[in-house]
Amino acid sequence: MKDKTIVIVEDELIIAMDLKRILTQEGYNVIINFKNYNFIETINDIHKYNPSLVILDINLNQKLFDGITIAQHLLVKDLVPFIFITGNSDNEMMERIKTTRPHGIIIKPFKPIDVTCTVAVVLNNYVHRNIDVLRLDSKLVNDVPFILKPTIRYIEEHIDHRIDIRLLAELTDYNYMHFIRMFSLYMNGTTPYQYILQRKIERSKFLMTETNQLLTHIAFDLSFSSYSNFCNVFKRFTGTNPDAYRKLNSAKSYLRK
C-alpha cells in the first residue's frame, strides 16, 4: 500500500485546515490543494502526490469544473479512492454523486469522528476490495456489448462461488451455444469458462499479496474443487505455483517499503 498521504481539494481554507488538523493527528500526511487551478493542473497535482486517498469538495469555486468532474476522471483511472465532502445533499446532487461511484461521503458540518472513521473504512475497503466490473480495464468493459454486461457483472459479484455457464446464458437472450460463441467473439477468443478461471486467478493473486490468508483457504474460498486443482490452474495462467508467487511478491512488497 502507498504511504498515508491524503490530498484535499477544497477551496475553503478554514475547512481544509480543519480536515488537515484532524487527519494529521491520526498520522496521515495531508496535502491541501485549494488554489484556483484549472482542471488539468488539479488532476496533475493529484497524480504528482500519488496519494492513498483524495477528499473532494463538490462545490469548488470554479466555472468549468467541480469536485464531481474530478471524480469522473478518478473513476476512469481507478488509481486512488476518493471521498466527497459537501454541505449539499439534495436529490439532484445525490444523483450526480452516484454516477461517479464515490468510496465515501462526509456531510458538512462534520465532527472529527465522522472524518477519521470514514477515511479509515474507505482505505481499508479499497485495499481489500473485490475487483469491480465498472472499474475493470476500460477496453474490456467498453468492447463488451450491452447484452453481455450482466454476465460480466454476475461473474465479478460471484467470483467466490462456482458459476454455472448455463445461468450466465440465461442472463442474455442467447441460447447456450450462441452465448458461448458471442462471449468468445467479444472477449478475444476467451470462453466464459476460461474468463471465470482468469478472474479467479486474478482474485487469488490479490489475496496472496494483500492478506495472510492460507493458500488452501484461498483455493477453497474461490470454489476450486481441490488445492491441487487450484495449483494446476494457477500455474497454467501464471507460469508458477501459488507458493512461489506469494514468496516472490511478498519480497517485492518488502523491498518497496
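Before reading on, note that the structure itself is shown above.
Here the structure is a predicted model, which means the values were calculated and not measured.

A. A look at the packing of aromatic side chains. Counted by the stated rule, this structure contains seven aromatic pairs. On the numbers, 5.9 Å between centres and 65 degrees between planes, the contact of phenylalanine 82 with phenylalanine 84 is edge-to-face. Its relative accessible area of 0% is what places phenylalanine 82 among the buried residues. Their ring planes at 55 degrees and their centres at 5.8 Å tell us that phenylalanine 230 and phenylalanine 234 sit as a pair that is tilted. Here phenylalanine 230 pairs with phenylalanine 234, and both are found in helix α12 (residues 227-238), just four residues apart, close to one helical turn. The exposure class assigned to phenylalanine 230 is buried, which follows from its relative accessible area of 0%.

B. Local environment of the pairing of strand β2 (residues 29-33). Most of β2 is tucked away: four of the five residues are buried. For strand β1 (residues 5-9) and β2, the ladder comprises five bridges, and the chain directions are parallel. The partner of valine 9 across the bridge, within β2, is asparagine 33.

Conventions and cut-offs
- Residues numbered from 1 in each chain as written.
- Predicted model: local features only at pLDDT ≥ 70, side-chain atom pairs only at ≥ 80, totals over all residues.
- Heavy atoms only, no water.
- Phe/Tyr/Trp six-rings, centres within 6.5 Å; stacked < 30°, edge-to-face > 60°.
- Buried < 20%, exposed > 50% of the residue type's maximum accessible area, 1.4 Å probe, protein only.
- Helix = DSSP H or I, 4+ residues; strand = E, 2+ residues; numbered from the N terminus.
- Pairing = 2+ DSSP bridges.

These figures capture arrangement, not role.
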